[in-house]
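A structural walkthrough
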Amino acid sequence: MIERVLWLAENRYARLVLVGLMVLSLQTTVFNDMRPFGVCLQVMVLLAASSGLARGSDVGAIAGFIIGLMYDLVLTTPLGLCAAVFAIVGYLAGVGQSLVYEPTWWTRMLLGSIASAIGMILLPIASTITGATGILNTRVLFVALIVGLFNAVMSVPAERLCRWALTEQAAVR
Amino acid sequence: MDLRGSSVINFTRSAFGVVFRPIESATKVITRPVGNAWNGITHYNDVVEENHRLNDLVAFSEGSTISAIASVREAQELLSLNGLPTLAGIASCTAQVVGQSPSNFAQTVEINRGSECGLKVGMPVLNAAGMIGKITDVYNKRSVVMLLTDPGYSLAVKVVNIPAPTTTTTTTTLPGSPVAVTTTTTSTTTTTTLPRVTTTTGIPGFVPGVTIATSSTLTPLSGVSTVPAGDATPNQSGGSTGSEITVPPGLDVPLRETGALEGRGISRTPIVRFVENQPRFGAVRIGSPIISAGGATSLAPPDIVIGTVSRVVNRTGTLGPILEVTLAANLKNLNFVRILLYQPSSERVVTP
């Protein structure tokens with residue numbers, strides 16, 4: 001039993017869930033109040049993109065799905081909508097990172113920003129596909145721009161956090 | 001993907017809420033100084049301006065509140081006397097807004113009351129100013145309210161048109177008198193002057209314009225008693241110079257038209273569609289109040305204040321105008337709200 005608990009504690013996705021809970025609480029409190037230009041900053045999508053930047057496209061997609069699912073549970077959107085979009089964001093960030101020769105801090109910023117902006121565009125598209133109306137308009141681009149800029153600033157520390165959270169089990173031991 | 005109404009998904013959301021709420025509450029306490037600092041930096045000037053505006057508003061409102069309360073009570077008594085539904089007969093539950101949606105694409109807020117208070121999906125939510133939305137998700141101790149500005153929101157409403165202030169001049173000749181009397185009637189005032197001659201209406205007893213007068217009694221001004229009362233014949237224009245002219249009640253009741261209110265997102269004002277272009281209703285005037293229409297399938301009981309018409313977009317052909325609405329409630333600054341325990345028939349779960 002204790003072995004199982006230890007295994008669970010060492011599992012990187014279990015750590016990601018704990019980190020995700022912390023970030024989600026920041027998302028629903030302080031970042032929900034701070035709305036520059038009327039846009040709610042999206043640190044959950046940043047976490048998904050940073051997972052891809054930190055550990056590649058495959059891990060990024062799984063991590064993005066988990067993070068998106070947690071976000072879905074506090075939103076009124078259909079369950080699985082953010083999960084699907086954030087999985088794509090994590091995957092794209094990982095693919096982008098793999099295409100960069102000798103990535104630096106600023107390439108990570110750029111990729112985190114672009115992946116976040118893509119996520120902010122995909123989200124209303126996915127919502128529209130699932131039946132929501134009236135949200136796919138030009139404001140989506142503005143939201144994507146603001147979220148992308150903010151997430152560029154925060155992507156370096158977020159990537160380090162995800163690198164730690166998604167460390168392999170053997171490396172932790 | 002989600003399956004609406006699935007008990008498994010509802011249970012999962014509730015269970016996650018039970019785990020997540022304490023973490024969220026702790027984070028809220030810890031990060032409150034950060035949020036306050038941010039709001040202090042970005043909204044200080046707005047708060048000062050709003051404070052001044054609200055002080056003026058309070059001073060303005062205090063005087064009219066008492067008479068308004070009296071009018072509302074009289075109206076409620078009249079409605080109940082006639083067996084019509086009133087808001088006073090609907091139980092309500094007061095709640096506090098504890099958060100808004102962290103999404104950029106959903107216009108929802110969260111309140112701290114849930115099924116334990118008797119709340120159900122579809123119930124209308126109001127604040128002191130008027131309607132703000134409806135309940136879309138209910139948990140044990142919290143609920144989610146979809147705001148009027150959400151693109152998914154729609155509600156049957158009534159537009160109460162304000163009668164246009166009109167002026168009508170009638171010139172008549174009194175029998176047996178060389179003097180003609182001209183009566184100028186507006187929606188609120190009546191003046192009588194002495195003109196030269198000329199008669200513009202020959203229909204006895206007909207005074208154009210009185211049907212749109214909002215004052216029920218038209219009294220001639222002093223100094224016009226140039227016509228002896230005995231010379232005037234009843235049922236003729238100006239025949240009762242010395243007495244008052246009484247307009248039958250009911251002709252000045254504001255006209256109403258129904259439409260559908262639709263939200264259009266955070267940055268755009270809601271609109272009212274499907275307003276018919278009826279000649280009797282006339283052109284919709286800016287500032288006309290908009291209230292809920294009620295009805296068996298409506299999401300809200302009748303006569304809840306929603307807002308006023310801020311812009312009228314006329315369309316060609318038989319299409320009626322589209323009305324942009326300024327909401328009475330300030331959705332950016334919600335605190336205490338009232339939920340009417342009124343569940344529309346369209347939102348009731350049909351049990352097999």
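Everything numeric here is computed off the predicted structure, so don't read it as measured data. Numbering of residues starts from 1 in every chain and runs along the sequence as written. Written order decides the labels, with chains lettered from A and ligands numbered from 1. Residue-level local features of this predicted model are given only where pLDDT is at least 70; pairs of side-chain atoms are given and counted only at 80 or more, and the full residue set underlies all totals for whole chains, interfaces and linings. Water and hydrogen atoms play no part in the side-chain values, which are based on all heavy atoms of the structure.

Moving on, we come to the overall build of chain B. If you tally the helices and strands in chain B, you get one helix and 17 strands. The buried label goes to any residue with under 20% of its type's maximum accessible area, the exposed label to any with over 50%, and the partly exposed label to all in between, with areas taken from a 1.4 Å probe on protein chains only. Classification of the 352 residues of chain B by burial places 37% in the buried group. We call two residues in contact whenever any of their non-hydrogen atoms come within 4.5 Å of each other. When contacts within chain B are restricted to residue pairs at least 6 apart in sequence, those whose partners lie at least 24 apart make up 63%. For chain B, the accessible area works out to roughly 20000 Å², and carbon and sulfur atoms hold 59% of it. Helix and strand definitions follow DSSP, with helices as H or I runs of at least four residues and strands as E runs of at least two, each counted in order from the N terminus. Computed by Shrake-Rupley with a 1.4 Å probe, the accessible areas treat only the displayed protein chains as cover when residues are assessed.

Membership of the largest hydrophobic core comes to 54 residues, with the highest contact counts inside it found for Leu24, Met44, Ile67, Tyr71, Phe86 and Met120 of chain A together with Phe16 of chain B. Elements supplying a minimum of two residues to this core: helix H2 (12-28), helix H3 (30-33), helix H4 (43-74), helix H5 (81-99), helix H6 (105-129) and helix H7 (139-165) of chain A together with helix H1 (7-81) of chain B. Among the elements that make up this core, the one with the highest residue count is H4 of chain A (15 residues). Note on terminology: a nonpolar core comprises buried Ala, Val, Leu, Ile, Met, Phe, Trp, Tyr and Cys residues joined through side-chain atoms within 4.5 Å. Counting 40 residues, the second-largest nonpolar core is a separate cluster that includes Ala95, Leu126, Tyr153 and Leu331 of chain B.

Okay, the layout of surface pockets next. Lining residues are defined by having an atom within 4 Å of a point belonging to a cavity or pocket. Those points lie on a 1 Å grid over the protein atoms alone, cavities being sets where a 1.4 Å probe fits but cannot get out and pockets being open sets with protein on both sides within 12 Å along at least five of seven lines. Grid points are joined across faces, edges and corners, and a volume is the space filled by probe spheres set on the points. As a volume, the largest pocket reaches approximately 1800 Å³. Taken together, 46 residues line the largest pocket, and the ones lying closest to its centre are Gln100, Leu331, Lys332, Asn333 and Leu334 of chain B. Elements with a contribution of two residues or more to the lining of the largest pocket: H3 of chain A together with H1, strand S1 (92-100), strand S2 (108-111) and strand S16 (322-327) of chain B. Sort the elements by how many residues they give to the lining of the largest pocket and H1 of chain B lands first, with 11 residues.

Turning our attention to the confidence of the model for chain B. Residue and element names in this part refer to chain B. Per-residue pLDDT for chain B averages 72, and the proportion of residues at 70 or more is 61%. When mean pLDDT is taken per element in chain B, strand S5 (residues 143-147) scores highest with 91 and strand S9 (residues 190-193) scores lowest with 41. Every residue in residues 186-243 is under pLDDT 50, and counting partners more than four places away or in other chains gives 93 contacts. Among the scores for the predicted complex, ipTM is 0.78 and pTM is 0.65. As a per-residue quantity, pLDDT reports the predictor's confidence and falls between 0 and 100.

Next up on the list: a nonpolar patch on the surface. Residue and element names in this part refer to chain A. On the surface, Ile88, Tyr91, Leu92, Trp105, Trp106, Leu110, Ile114 and Ile118 cluster together into a nonpolar patch covering about 790 Å² of accessible area. Mapped by element, the contributors of at least two residues to the nonpolar patch are H5 and H6. Topologically, tyrosine 91 is positioned in helix H5. Two distance rules govern patches: like charges are joined within 9 Å, and nonpolar side chains (Val, Leu, Ile, Met, Phe, Trp, Tyr) within 5 Å, applied only to residues with over 30% relative accessible area and no salt bridge. In what follows, salt bridge is the name for a side-chain nitrogen of Lys or Arg lying within 4 Å of a carboxyl oxygen of Asp or Glu.

Residues and elements named next belong to chain B. When DSSP finds two or more bridges between a pair of strands, those strands are recorded as paired. Alignment of strand S6 (residues 154-160) against strand S14 (residues 289-292), held across three bridges, turns out to be antiparallel. If you follow valine 159 over to S14, its bridge partner there is isoleucine 290. One ladder, built from three bridges, connects S14 with strand S15 (residues 305-313); its direction is antiparallel. Across the sheet, the residue bridging to proline 289 is threonine 308, located in S15.

Now for the pattern of salt bridges. On inspection of all chains with the given rule, the structure shows eight salt bridges over all chains. As a salt-bridge pair, glutamate 159 of chain A and arginine 163 of chain A come within 2.4 Å of each other at their nearest N and O atoms. With a gap of four residues between them, glutamate 159 of chain A and arginine 163 of chain A both fall in helix H7, about one helical turn apart. Look at glutamate 159 of chain A and you get buried, because its relative accessible area is 3%. Between glutamate 324 of chain B and arginine 311 of chain B there is a salt bridge; the shortest N-O distance is 2.9 Å. With a gap of 13 residues between them, glutamate 324 of chain B in strand S16 and arginine 311 of chain B in strand S15 connect regions that are remote in the sequence. When its relative accessible area of 15% is taken as the criterion, glutamate 324 of chain B is described as buried. Overall, arginine 311 of chain B belongs to the partly exposed group, its relative accessible area being 44%. Each of Arg21, Glu24, Glu110 and Arg142 of chain B takes part in salt bridges that share partners, so that together they form one network.

Once that is clear, we can look at unusual backbone geometry. All names here are of chain A. Here the phi dihedral of phenylalanine 37 falls at roughly 55 degrees; this positive angle occurs in a residue that is not glycine. Counting through the fold element by element, phenylalanine 37 comes out in the loop between H3 and H4. Here phenylalanine 37 falls in the exposed class, since its relative accessible area comes to 67%. A positive phi angle is found at glutamate 102, which is not glycine, with a value near 50 degrees. Checked against the element boundaries, glutamate 102 lands in the loop between H5 and H6.

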